Amino acid sequence: MNLIIFGGIMGVVMMFGGLLMKQKHQATLLATVLMLLLLAGNTWEMLHGPVFNIQAPHMLATTRFGLLINEILLAAGLLYLLVSGKDIEQVGNYVAEYYALIFFIFAGIGVSTAYTNLLMLFLGIEIISIPLYILTGADKRNLKSIEAALKYFLMGSFSTGIMLMGIALIYGGTGSFLLEKFSLQGAPISYNLVGGLLLILVAMAFKVSAAPFHFWTPDVYDGAPTVFTSFMATIVKVAGFIAFIRLFEGASGIIAGKWQWVIAIIISLTLLIGNITAVFQQSVKRMLAYSSIAQAGFMMFALFSMNNWGREGIVLYAAAYCLATIGIFAVLTKMEDYTYQGFNGFARREPMLAVALAVMLLSLAGIPLTVGFFSKYYMVASAVAAGFGGKFLWLLILAMLCAAVSVYYYFRVIQAMYFKEAEQAQPVLPVSAGFRYLVAGAALVVVLLGILPQWLLQFLYF
Amino acid sequence: MILSSFILIPLIAGLLAFFIKQDQLVKGWSLLAALATLAAVLYSFTMPAAAEGLSYSRIWLGSLNSHFSLLLDGPAKVTTLLTAVSFVIIFIAIFKNSYADASQYFGLMLLSMAGLMGVFLASDALLFYFFWELALIPVYFLCSKWGGERRVPVTFKFFIYTFVGSVIMLIGIIYLYSKTPDQSFSWASFKQAALTAKEQAFFFWFFFVAFAIKMPVFPFHTWQPDTYETAPVGTTMVLSGVMVKMGLFAVLRWLLPVFPQMSDKMSGYIIVLAIIGILYASLIAIRQDNIKRLIAYSSIAHIGLMAASLFVKNDMAYQGALIQFFNHGINIIGLWIVVDIIERQTGISKMSELGGLAQQAPRLAIMLVVVALANIALPLTNAFIGEFLMFSGLYQQNVWYAVAAGIAIILAAVYTLGMIQKVFFGQRNEAVQVADLQTAQWLALAIIIVLVLAAGVYPKPMLELGGTLVKTMPLAVAP
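Quick caveat: nothing in here was measured; it's all calculated off a predicted structure.

What counts and how
- Along each chain, residues carry numbers from 1 onward, in the same order as the chain's sequence is written.
- The lettering of chains begins at A and the numbering of ligands begins at 1, in the order of writing.
- The predicted origin of the model limits local features to residues at a pLDDT of at least 70 and limits the giving and counting of side-chain atom pairs to 80 or more, whereas totals for whole chains, interfaces and linings rest on all residues.
- As a rule here, side-chain values cover all heavy atoms of the structure and leave hydrogens and water aside.
- Only DSSP runs of H or I with at least four residues qualify as helices, and only runs of E with at least two residues qualify as strands; both kinds are numbered from the N terminus onward.
- As a reference, a globule follows 2.2 Å times the number of residues to the power 0.38, and the radius of gyration itself is taken over C-alpha atoms.
- Partly exposed residues are those whose accessible area sits between 20% and 50% of the maximum for their type, while under 20% is buried and over 50% is exposed, using a 1.4 Å probe and protein chains only.
- It only takes one pair of heavy atoms within 4.5 Å for two residues to be counted as in contact.
- Any N or O atom pair separated by 3.5 Å or less is treated as a polar contact, with the protein-specific requirement of one donor-capable and one acceptor-capable atom, and with residues adjacent in sequence counted only for side-chain atom pairs.
- We call a set of buried residues a nonpolar core when its members are Ala, Val, Leu, Ile, Met, Phe, Trp, Tyr or Cys and they connect through side-chain atoms within 4.5 Å of each other.
- The domain boundaries here were taken from an automatic or database domain assignment.
- Summed over both partners, the accessible area (1.4 Å probe) lost when two parts come together is defined as the buried area.
- One side-chain nitrogen of Lys or Arg within 4 Å of one carboxyl oxygen of Asp or Glu is enough to make a salt bridge.

Colleague: Explanation requested: the overall build of chain B in the structure shown.
Modeller: When helices and strands are counted, chain B shows 20 helices and 2 strands. Its C-alpha radius of gyration of 21 Å places chain B within 12% of the 23 Å reference for a compact globule of 479 residues. Dimensions of chain B, computed from C-alpha atoms along their principal axes, come out at roughly 70 × 55 × 45 Å. Burial statistics for chain B: of 479 residues in total, 66% are counted as buried. Contacts in chain B between residues far apart in sequence, at least 24 positions, make up 82% of those at least 6 positions apart.

Okay, here's the thing in structure tokens:
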């Protein structure tokens, strides 16, 4: 929970620091150091307890689950700054501001992983969203970026309105904003409550780009500067999921059997639309946008089954998905050509990066020996453990077949890298040796967690 | 511990191989690793406890109750021995071939060997699934990078095909896991999984389809001829000699004991399917002009016979199938070596363009004739014992099975002898020049022929290695 305070402070420090700094790389350095501090603070809180104690009863509550997720997201954020810092500097002139916005987003993440009150949920989601609108439009000279920002802002405002409406209805139904009020078994069911929950469901589905509320995703991800797409598609998206899961953790009892059907339909639509559309993309960036929709379909399983397996699964999924996607985007940003052909002969030019990318793509496809396999495994296992193996067997089969479809588009990148030769000699990527080692290190973590996922999951309990 | 070395030796050697930059050195290194694995396998057979089956277990994923547990029982002995012997022969046979990026080629070959060993040893379902995929990934890279024309799409078809099978099986594994009495992935618990008749009927197919694609049996075979044709020959040897046994072995370990009633009920259909496959593949093989496709189809026919025998579930068919696991692997590797020699020297794989090679390369011709005769199961060759036992087993079950499958022997003779005739005898094509065997290839073929004849004359050790059906699967045998 200290993340909220520290994140806010770091954001302010970054903002004023920007006034003093003459050069862009100083801002990157400062941001990296601040992120490291943020990570250290959260680690301390997880292992030893909070640095300073805040009492916010009926508003926020620290949980191990929330802290672990924060930890993963902060680590991903640190990796993001390290591999993509140079590209953030390229986006525009106000580098320090971009970093400040990123820290504010982390403060928002702190709220949305710890809330126990619907008002706090609203605040958390908005603190995350508003800086994102700005970051999407950060490339001011690029019309696509501005269009994406406007689109995102308009659509985001709608979903915000819907969420507020839902919260109001729930208040009408239960007389309270507290999560526990409607989470408790045997809470009185009213149309207000159910209607409110459904409206919030719609708004949250929009935030995590689940079908049929996904239409903004490809355009926004494609239009935004690629570095910020990477941030949006990974860290922010996972945070949205955590908020989503916390919200409905107890609510499944209320809508009972029908709840599963609603979620099952959303999952199957998300998987089908995400995977099938991704197959037809010619640009790797757009493919990754659709793949992020497809992966969201798998993450929704945690909402579907609402048990401990699902929680463990989402922890692994957060790590797997963030590591792999940040790594791929980091390399993609350095490329001139975003199409599949741009990757032709990549293995000859950059052998180490090619291996790392291949591992990350295998992880996204869910091949064993990478953490991506276990994240998918836990998701399916959670549904079976919840007793849906019989009635919803079709959903499991569909999910697995979609995983097989995803192999098609992830492997196209691998094929381009390894088995196709570039038509004309392409320049070596303008990256340092440190960048190569960092990406390779991230790939190594993907493999290590793929052998021993328990290492990460133990932090949920001890 | 000795069992983990079967996996660890090729795994570590394979990872190290990527960093060896000299071609000759990496070839020698791989051969050494394969020989070391073979030594470990043979040593483990001589251990006093080996008669009852060795096992090894370590906690792997505590909260999932999954163990790194290995089991070396009868079928596993045959298949691990096959893997070790095959890789030694393959590395000898391709010793003189030159590969671009040899270190990667041999590194990936060793990794696939580690995966195969894991599949044959794993007695924990999750571990099994891990290795099942692990064996596939290196092969994907091997075929896509070093294969022939159209290698990328063909290999991709193969990969997607098997991957779909695997993920379906994964659902089955997860479901069965939830039904085991102690929530564990171990083989012992899987055999006790409490399934209703309906669940058995469903999940039997989840597993069967994955295995059937890998073998491949009749309707699932379409990936195979293309893949064998385009894959680099060293990898084709692995695919056809060893990897197809993954599917058959998995039937023995994960299908028959886990779904005993269902596999009894379905055995009739599956045997019929397998026999259709045998006849169909044999007929297509007769019409082939490309040697590689001919061997591929002949392999489908042989695999079909083994699959049928496994589902007969009597002792004779079981022993025949197990011994044939080994013999078929050795024989088909021999055939590929000869094809590789011809294709590398002439660039031709069409039989109609070859002819009269026996005059130029007499030693090669003799070697091929012996291996080919073994392929059609002539007495005194190794395959005779296996096929004889399998046919007797099928006969006991139902006379017509044996009759229908028996036609395949005649067809096998037609296409195999036809191949020898067209390639080595007949009108000589003057434009085609073939030098006789080189030392490495001669050595590889010599080992194969010794194995062919030795197992053909004295099959007892091989039969004892596999053990009996009752011992391997007490649950699966109908009382």
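Colleague: I would appreciate a short explanation of the side chain of Ser240(B) in the present structure.
Modeller: Residues and elements named next belong to chain B. Its location among the elements puts Ser-240 in helix 10 (residues 233-255). Among the residues examined, Ser-240 registers a relative accessible area of 0% and is labelled buried. Within the structure, Ser-240 has its side chain in polar contact with the side chain of Trp-336 (distance 2.8 Å). Leaving out residues up to four positions away in the same chain, Ser-240 has contacts with Tyr-228, Lys-245, His-328, Ile-332 and Trp-336.

Colleague: Help me understand the nonpolar core in this model?
Modeller: A general trend in soluble globular proteins is that nonpolar side chains are found buried together. With 391 residues, the main nonpolar core has Phe374(A), Tyr377(A), Met417(A) and Phe211(B) as its most contacted residues. Among the elements that make up this core, the one with the highest residue count is helix 18 (residues 393-419) of chain A (19 residues). The two domains that each donate at least three residues to this core are domain 1 (1-258) and domain 2 (266-479) of chain B. For Met417(A), the residues in contact, after removing those within four places along its chain, are Phe343(A), Gly345(A), Phe346(A), Ala347(A), Ala354(A), Leu357(A), Ala358(A) and Leu361(A).

Colleague: Which parts of the structure should I look at to understand the interface of chain A and chain B?
Modeller: Reports often express the size of an interface as the amount of accessible area lost when the parts come together. Tallying the contact residues gives 35 residues for chain A and 35 residues for chain B. Here chain A meets chain B over a buried area of about 3100 Å², counting both sides, of which 83% is carbon and sulfur. When the buried area of chain A at its contact with chain B is split by residue, Tyr377(A), Met400(A) and Phe419(A) rank highest and sum to 20% of it. Scanning the region where chain A abuts chain B turns up 1 salt bridge.

Colleague: Would you take a moment to explain unusual backbone geometry for this structure?
Modeller: What is expected of a backbone is that most residues other than glycine have negative phi and most peptide bonds are trans. Between Ala211(A) and Pro212(A) the backbone carries a cis peptide bond, its omega angle lying at 0°. Inspection of the secondary structure puts Pro212(A) in the loop between helix 8 (191-207) and helix 9 (216-223). The phi angle at Met306(A) is positive, at roughly 50°, despite the residue not being glycine. One can find Met306(A) in the loop between helix 13 (301-305) and helix 14 (308-334). Backbone geometry places Asp101(B), a non-glycine residue, at a positive phi of 50°.

Colleague: Explain the domain arrangement of chain B here, please?
Modeller: Residues and elements named next belong to chain B. Assigned domains within chain B: domain 1 (1-258) and domain 2 (266-479). Using only C-alpha atoms to locate each centre, domain 1 and domain 2 end up separated by 22 Å. At the interface, 51 residues of domain 1 touch 49 residues of domain 2. Counting across the domain 1 and domain 2 interface gives 2 salt bridges. In this structure, Arg-293 and Glu-229 form a salt bridge, with 2.6 Å as the shortest nitrogen-oxygen distance. Put simply, domain 1 and domain 2 have 7 residue pairs in polar contact (both at pLDDT 80 or more) between them. Of all the elements in the fold, those that place two or more residues in the side of domain 1 that touches domain 2 are helix 3 (74-93), helix 7 (187-191), helix 8 (197-214), helix 9 (223-230) and helix 10.

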